[in-house]
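Now for the letters of each chain:
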Number of protein chains: 2
Amino acid sequence: MKKSIVLGIDIGGTNTVYGFIESGGSIILHEEIATHGSMPILDLVGRISEKANAFLSDNLDYSLIGIGIGAPNGNHYTGRIQDPPNLSWGDVDIVSIFAKHFNCEVVLTNDANAAALGEKNFGLAKNMKDFVVVTLGTGLGSGIFSSGKLLYGHDGFAGEMGHISIDYNGRLCNCGNHGCLESYASSSGIKTTVEELIIEHPSNKFLKSLAKEKIDGLLIDKAFDDGEKIARKIYEYTGEKLGQGLAIVSNLLSPEAFIFYGGFSNAGERILSSARTTMNQNLINASEGDIKLLQSGLPKGQAGILGAASLIWSK
Amino acid sequence: MKKSIVLGIDIGGTNTVYGFIESGGSIILHEEIATHGSMPILDLVGRISEKANAFLSDNLDYSLIGIGIGAPNGNHYTGRIQDPPNLSWGDVDIVSIFAKHFNCEVVLTNDANAAALGEKNFGLAKNMKDFVVVTLGTGLGSGIFSSGKLLYGHDGFAGEMGHISIDYNGRLCNCGNHGCLESYASSSGIKTTVEELIIEHPSNKFLKSLAKEKIDGLLIDKAFDDGEKIARKIYEYTGEKLGQGLAIVSNLLSPEAFIFYGGFSNAGERILSSARTTMNQNLINASEGDIKLLQSGLPKGQAGILGAASLIWSK
């Protein structure tokens, strides 16, 4: 008898990860490819299909039972990716497109929800019922578990923690509103922080090196560890703003933990330490230390595909 | 055979409402008494017990099967009222106290959760799965339903919407933090607004009359309807701040509706109109009009006792 297998896909603004996953969470194949968000969606679908079909032809003992997809602005209820930022696809019925290519069940959720499902089924949140996964990348996303269930809201769009305002007189966000958490605590937010700091410190070499290109978190991590004052200032400020957002979410949802995932979560305690201090100062009920801030233990790119695949496995 | 009946109790900072409720939500007896929060808790328990026992002795066809209680800082998980503001009781195991007096099952939740349960079982939210009940009184409380379930969080303290900050540089709240929604959108918040406006308009008679005593919402409602400019200013400002809070909650939870309950929710559209405008300006996904702002249709004091009683009936 053939072994069942699920294709998990995590679509990102820059790269897409996909992999074949067995029911226990073993990843059989695992690849990262460029998303090419400026091309039509069928370009990405075609490239994934080709590789996936090749794998299935070479591995006849496996039978594909479904596809789970995590994507920015992916709506679990409608099966559509709706006007994702950084991708030119508009509003696409991605579930139907994949179902047509593979003739199997396809389920969609957004990328942060997929990461949260990955943590719940295979990561740090295995024994948690109330937690929030925060994805820190170009933007800031979140997947919220409450009473053991992923929270979708009325229309499937719950979890937009990146767009809660921590300062209605604050930074203009890409979304058009002011003071969104994402405009401070994300790599694009850090870029703005660097630009603001350069005005204060026009001759600082480290800031100049950062401002040249896309923000490189590892570069700031290293400078922070080397005692570079401006690197500490960047992360303290970012952590303070992040902590303000965490306090708002905590007062509303009382989670057991926040789990941080994605590129710039690698900074870990360098940012989380000041985030924790600010969060604790602004809680109404919880005592200091009640709410844990944790770094995901899942390898880069895996939480998303594991979580996306679990949409099928948990059916 | 005796008919089953539940005692529903809604403890407030100033007054307490209790009533006997049948399984379909019919209220048989319904009384409001002073809470006397400066007296020991046993004073209130004694007065309720006396009246309730008298009722049960006079109505031998009823059998008390349980007591549901809603109270400020009431924790569903621990059965304790934990250091409620405006009440001098400290941390009391109210479930055990009532269970000892009545020898039946007793279940506790906080006052805003009780109101939310009332709306879900007997009010506007009967057909809703995702909604938030906001209680507007001396403070601002909230009970959150998500996917058809009341959201308690890890420790039973979820739903502190009154203490999400809408301005970390804003007003000092009674809780010690800054910019809490409650410090703007509640009767105590409006009192502060009036005090601030008096500095700007020292000779305004309407403001002076308001500042003298406890804020009377009906007085502001009437002045608003009569075209008094300052009354309009008070409600527009309050609505704007409320709308900022609603936008934060909406971006996080995507509810179908907010339902407003409690004394100062009587202002209705006088406040909700500007709240709606501000909320809609700050949403990331929902289109204008997607999220409804509604006034509770349940009579004063009933949502709390109906919801508290449903804690027993829904078992």
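Described in the following lines is the structure provided in the data block.

About the thresholds
- Residues numbered from 1 in each chain as written.
- Chains lettered and ligands numbered in written order.
- Predicted model: local features only at pLDDT ≥ 70, side-chain atom pairs only at ≥ 80, totals over all residues.
- Heavy atoms only, no water.
- Pairing = 2+ DSSP bridges.
- Helix = DSSP H or I, 4+ residues; strand = E, 2+ residues; numbered from the N terminus.
- Least-squares fit on C-alpha atoms with pLDDT ≥ 70 in both.
- Contact = heavy atoms within 4.5 Å.
- Salt bridge = Lys/Arg side-chain N within 4 Å of Asp/Glu carboxyl O.
- Buried < 20%, exposed > 50% of the residue type's maximum accessible area, 1.4 Å probe, protein only.

## Observations regarding the sheet that holds strand β7 (residues 91–92) of chain B
In sheet architecture, strand pairing relies on hydrogen bonds along the backbone and comes in two forms, parallel and antiparallel.
Residue and element names in this part refer to chain B.
Next up, step 1: Read across the sheet, three strands follow the order β5-β6-β7 without closing on themselves; strand pairing throughout is antiparallel. Each end of this open sheet is capped by a strand with a single partner; those strands are β5 (74–75) and β7.
Next up, step 2: As defined by bridge partners, β5 adjoins strand β6 (residues 80–82) across two bridges and the pair is classed as antiparallel. For G74, the partnering residue across the bridge sits in β6 and is I81.

## Points about the relation of the copies chain A and chain B
Next up, step 1: At an RMSD of 0.0 Å, chain A and chain B line up after a rotation of 180 degrees and a shift of 0.0 Å along the axis. Those values place the two copies in the arrangement expected of a two-fold rotation axis. Taking the C-alpha atom as reference, chain A places D167 of chain A closest to the rotation axis, 2.9 Å from it.
Next up, step 2: Of the interface residues in chain A, 100% have counterparts in chain B that sit at the interface too, so the contact is made through matching surfaces.

## Focus: the pattern of salt bridges
All names here are of chain A.
Next up, step 1: Considering all chains together, one arrives at 21 salt bridges over all chains under this definition.
Next up, step 2: We note a salt bridge from R47 to D43, for which the minimum N-O separation is 2.9 Å. You can see R47 and its partner D43 sitting in helix α1 (residues 41–58), four residues apart, about one turn around the helix.
Next up, step 3: One salt bridge connects E269 with R276, and the closest N-O pair in it is separated by 2.9 Å.

## Observations regarding the environment of L252 of chain B
Next up, step 1: Summarising the element assignment, L252 of chain B is placed in helix α7 (residues 229–253).
Next up, step 2: Overall, the relative accessible area of 0% leaves L252 of chain B in the buried class.
Next up, step 3: Between the C-alpha atoms of L252 of chain B and V107 of chain B, which are 145 residues apart in sequence, the distance is 29 Å.
Next up, step 4: Filtering out sequence-adjacent residues up to four positions away, L252 of chain B remains in contact with I144, L151, A158, G159, E160, M161, I164, V249, L252 and L253 of chain A.

Spatial relationships are all this shows, so hold off on functional conclusions.
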